[in-house]
Amino acid sequence: MITQAIVRTPCNAIINALTTTDMGPPDYQAALCQHTAYINALRDCGLDVIELPADENFPDSTFVEDVALLTPQCAILTRPGAPSRTQEVIAMAPVIQEYYESVEIIDAPGMLDAGDILLAGEHYYIGLSTRTNRSGADQLINILARYGMSGSIVRLNSVLHLKTGMGYLDHGDMLISGEFVNKPEFTAFHTIPLPEDEAAAANSLLINGTVLMPDGYPKARAIVEAQGYPVKTTDISEFEKIDGGISCLSLRF
Ligand code: CIR
C-alpha cells in the first residue's frame, strides 16, 4: 500500500520550463491552483502529502518524479538528463534520506529521468530517451539486482519519457498509446490502447485502488472505468503545456 507522496510547489520560473509543445507557457497562478487540487486528489486517495517549497533555481522542479525512484527496498537518486535539471537532485537528497535507510545514486556519465521508469507488477521497465542513456539504465538495473529486483530496457522513438505514453494499473492491465501499441516487450500484459487524441491520459496512476487521471479525456476515462476501476480526475492542463503528466508531479511510496 502506498501511504505518502512528495510534491514540490511550482515556482514562478515555471514559465521558463522545458517543453516540446507549442501550447505556450503555463499561467503561474492557474498552475498553483491546479497543484493544490492535485495534492487534494492525492489526499483523497489516502496519501499523506509532504509539500516541499518552490525552488526558483529550477523551472521544472515541480516535476519531482524525475529525480528519484522510490522502491520498497531502497531509493535511487537519479541524474536527470536535461542540463537544467541535473542539479534538482541535490535539494531532494536530504528529503529522501529522511525516509529511506538505503539511498543509491546514479553517477555520470549516466543520465536517468525517473519519468522513464515504469513499475509493472514486480518489474521495472526503463525507457532509453533523450533524458535516459544506456549507462543510466544499466546502473539502475545493477542497483535493482543488488536489492533483489529486476529491470529491463525499452527503446523509445518519439515520446519524451516512457511514462508519457503508458501507465500500469493492476492485474496486468497496462494503458498504452502511440508507439507502445504492439510493442513486443508488453505483449504478455493486458494492454489497453487509448485513442490517439487522448494518449496523454495513458499517464495515469493507480493509487490504493483508485485511478487518478488527468481531466479532459472522457474516452480514456470511460475505457478505464469499463475495466472496473474507480476513477478520479484532476485538471493538470497548465502542466501539460510543459510536458507534465499525472505521475510527474509526485513521488509516491
Ligand atoms: C521536462 O521537460 O523535464 C519537464 N518540462 C516535464 C517533465 C515531465 N516529467 C515526467 O514525465 N516524469
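Note that this is a predicted model, so its numbers are computed, not measured.

Colleague: Can you walk me through the pattern of salt bridges in this structure?
Modeller: Any two side chains of opposite charge can pair, on the condition that their charged atoms come close. Taken as a whole, this structure holds twelve salt bridges when the rule is applied. Taking the shortest distance from any N to any O, the salt bridge between Arg85 and Asp66 comes out at 2.8 Å. Of this pair, Arg85 sits in the loop between strand E4 (75-77) and helix H2 (88-99) while Asp66 sits in the loop between strand E2 (48-52) and strand E3 (68-70); the two residues are 19 residues apart in sequence, bridging distant segments of the chain. Using a relative accessible area of 3% as the deciding quantity, one classes Arg85 as buried.

Colleague: Is there a simple way to explain the site of the ligand in this structure?
Modeller: Around the ligand there are 13 residues in total, and Asp60, Arg85, Arg131, Ile242 and Cys248 lie nearest to it. Contact between the ligand and Leu18: a nitrogen atom at 2.8 Å from a main-chain N or O atom of the residue. Notes on the ligand: free accessible area 350 Å², of which the protein chains cover 99%. Class assignment for the residues of the shell around the ligand results in five nonpolar, two polar and six charged.

Colleague: Quick question: what am I supposed to make of the packing of aromatic side chains here?
Modeller: The geometry of an aromatic ring pair is captured by the separation of the ring centres together with the interplanar angle, meaning the angle of the planes. Tallied over the entire structure, the rule returns seven aromatic pairs. Residues Tyr100 and Phe253 carry aromatic rings whose centres are separated by 5.9 Å and whose planes lie at 50° to one another, so their mutual orientation is tilted. On the criterion of sequence distance, the pair formed by Tyr100 in the loop between H2 and strand E5 (103-105) and Phe253 in the segment after strand E15 (251-252) is long-range, its members being 153 residues apart. Neither Tyr100 nor Phe253 differs from the other in exposure class; each is buried. On the basis of an interplanar angle of 75° and a centroid distance of 5.9 Å, the ring pair of Tyr168 and Phe189 is categorised as edge-to-face. Taken together, the positions of Tyr168 in strand E9 (residues 166-168) and Phe189 in the loop between strand E10 (173-176) and strand E11 (190-193) put the pair 21 residues apart, joining distant regions of the chain. There is no split in this pair, since Tyr168 and Phe189 are both buried.

Colleague: Explain the sheet that holds E9 here, please?
Modeller: If you trace the three strands from one edge of the open sheet to the other, you get E9-E10-E11, paired in mixed fashion. Each edge of the sheet is formed by a strand with only one pairing partner; in this case those strands are E9 and E11. On average, adjacent strands in this sheet sit at an angle of 20° to one another, irrespective of strand direction. Here E10 pairs with E11 via four bridges, running parallel. The residue of E11 that forms the bridge with Met174 is Thr191.

What counts, and where the lines are drawn
- Residues numbered from 1 in each chain as written.
- Predicted model: local features only at pLDDT ≥ 70, side-chain atom pairs only at ≥ 80, totals over all residues.
- Heavy atoms only, no water.
- Salt bridge = Lys/Arg side-chain N within 4 Å of Asp/Glu carboxyl O.
- Helix = DSSP H or I, 4+ residues; strand = E, 2+ residues; numbered from the N terminus.
- Buried < 20%, exposed > 50% of the residue type's maximum accessible area, 1.4 Å probe, protein only.
- Near = heavy atom within 4 Å.
- Polar contact = N/O pair within 3.5 Å; in protein donor to acceptor, adjacent residues only side chain to side chain.
- Areas by Shrake-Rupley, 256 points an atom, 1.4 Å probe, with all protein chains shown as cover.
- Nonpolar A, V, L, I, M, F, W, Y, C, P; charged D, E, K, R; others polar.
- Phe/Tyr/Trp six-rings, centres within 6.5 Å; stacked < 30°, edge-to-face > 60°.
- Pairing = 2+ DSSP bridges.
- Axes fitted to C-alpha atoms, helices over the stretch in contact; angles between N-to-C directions.

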